[in-house]
Amino acid sequence: MAERPEDLNLPNAVITRIIKEALPDGVNISKEARSAISRAASVFVLYATSCANNFAMKGKRKTLNAGDVLSAMEEMEFQRFVAPLKESLEVYRREQKGKKEARKDKDKKADSEEQDKSREEENDDDDERMEEEEPNEEEEVDN
């Protein structure tokens, strides 16, 4: 765990980016307000993690999963965020599945290319052996 409370804060750059995306153009925010939002966001993350961990412990698991987080959001009375979170989770899962399939296809292609290269090398070796054997036959004919 963290040694100091400041270690638990989210990075300022992340907080600043989120704030800028949430506010309309032309609206500024003071350093003090940005710091307060950062602390509030950190507290929220810690609380949500703690609640999700309780669901994992009830399930006799040590690993938090998405269902634990969704259940925690409902327990924390943030039901209105559950549906958008589920949608985001589905998008994430589809993207991961697509990446996994692309990797699998890439690996199959690489394996196929390696096999083709090995076959070509074997054929080249066979051709070289045959070429080496041909002059020997001619020498036998000459003798």
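Described below are features of the structure shown in this document. Keep in mind that this is a model prediction, so the values were computed, not measured.

Quick notes on the rules
- Residues numbered from 1 in each chain as written.
- Predicted model: local features only at pLDDT ≥ 70, side-chain atom pairs only at ≥ 80, totals over all residues.
- Heavy atoms only, no water.
- Patch = residues over 30% accessible without salt bridge, like charges linked within 9 Å, V, L, I, M, F, W, Y side chains within 5 Å.
- Areas by Shrake-Rupley, 256 points an atom, 1.4 Å probe, with all protein chains shown as cover.
- Salt bridge = Lys/Arg side-chain N within 4 Å of Asp/Glu carboxyl O.
- Lys, Arg positive; Asp, Glu negative; His and termini not counted.
- Charge placed at Lys NZ, Arg CZ, Asp CG, Glu CD.
- Helix = DSSP H or I, 4+ residues; strand = E, 2+ residues; numbered from the N terminus.
- Buried < 20%, exposed > 50% of the residue type's maximum accessible area, 1.4 Å probe, protein only.
- Axes fitted to C-alpha atoms, helices over the stretch in contact; angles between N-to-C directions.
- Parallel < 35°, antiparallel > 145°, perpendicular 65-115°, else oblique.
- Left-handed = near helix turned anticlockwise from the far one by under 90°.
- Contact = heavy atoms within 4.5 Å.
- Nonpolar A, V, L, I, M, F, W, Y, C, P; charged D, E, K, R; others polar.
- Core = buried A, V, L, I, M, F, W, Y, C linked by side-chain atoms within 4.5 Å.
- Phe/Tyr/Trp six-rings, centres within 6.5 Å; stacked < 30°, edge-to-face > 60°.
- Lys NZ or Arg CZ within 6 Å of the ring centre and 35° of its normal.

## Things to note about a positive patch on the surface
Move 1: A cluster of like positive charges, contributed by K99, K100, R103, K104 and K108, occupies part of the molecular surface.
Move 2: One can find K99 in helix α4 (residues 82-142).
Move 3: Given a relative accessible area of 49%, K99 falls into the partly exposed group.

## Some thoughts on the packing of helix α2 (residues 31-58) against helix α3 (residues 66-75)
Move 1: Remark: α2 packs on α3, axes separated minimally by 8 Å, with the N-to-C direction vectors making an angle of 115°. On the basis of their axis angle, the class for α2 and α3 is roughly perpendicular. As α2 packs across α3, the resulting crossing turns out to be right-handed. Contacts between α2 and α3 pair F44, A48, C51, A52, F55 and A56 from the former with D68, V69, S71, A72, M73 and E75 from the latter.
Move 2: Classifying every residue of the contact of α2 with α3 by side-chain character gives nine nonpolar, one polar and two charged.

## So, the nonpolar core
Soluble globular proteins tend to pack their nonpolar side chains together in the buried interior.
Move 1: Counting residues in each nonpolar core, the largest one holds eight residues, listed as A48, C51, A52, L70, A72, M73, M76 and V82.
Move 2: Of all elements in the fold, only α2 and α3 reach the threshold of two or more residues within this core.
Move 3: The residues contacting V82, other than those within four sequence positions of it, are L70, M73 and E74.

## Some remarks on a negative patch on the surface
Move 1: On the surface, a cluster of negative charge is contributed by E101, D105, D107, D111, E113 and E114.
Move 2: You can see D105 is positioned in helix α4.

## Overview of the packing of aromatic side chains
Move 1: Counted under the stated rule, the structure contains two aromatic pairs.
Move 2: Arranged with centres 5.4 Å apart and planes meeting at 85°, the rings of F44 and F78 form a pair that is edge-to-face. Residue F44 is located in helix α2, and its partner F78 is located in the loop between α3 and α4; the two are separated by 34 residues in the primary sequence.
Move 3: Ring geometry for F78 against F81: centres 5.7 Å apart, planes inclined by 45°, an arrangement best described as tilted.
Move 4: With a relative accessible area of 28%, F78 lands in the partly exposed category.
Move 5: When its relative accessible area of 36% is taken as the criterion, F81 is described as partly exposed.
Move 6: Members of the aromatic cluster, each reached through a chain of ring pairs, are F44, F78 and F81.
Move 7: A cation sits over an aromatic face here: K58 above F55, 5.0 Å from the ring centre.

## So, unusual backbone geometry
Generally, phi is negative for residues other than glycine and the peptide bonds are trans, each holding for most cases.
Move 1: The phi dihedral of K60 falls on the positive side, at around 55°, and the residue is not glycine.
Move 2: Residue K60 is classed as exposed on the basis of its relative accessible area of 80%.
Move 3: Here E77, not a glycine, exhibits a phi torsion of approximately 65°, which is positive.

## Points about the pattern of salt bridges
Move 1: According to the stated counting rule, one finds two salt bridges in the structure shown.
Move 2: Where R61 meets D68, a salt bridge forms, and the shortest distance between an N and an O atom there is 2.8 Å.
Move 3: Taking relative accessible area as the criterion, R61 reaches 31% and is therefore assigned partly exposed.
Move 4: For R93, the salt bridge goes to E90, with nearest N and O atoms at 3.7 Å. Highlighted residues: R93 and E90, both in helix α4, separated by three residues, approximately one helical turn.
Move 5: The class for E90 is partly exposed, based on a relative accessible area of 39%.

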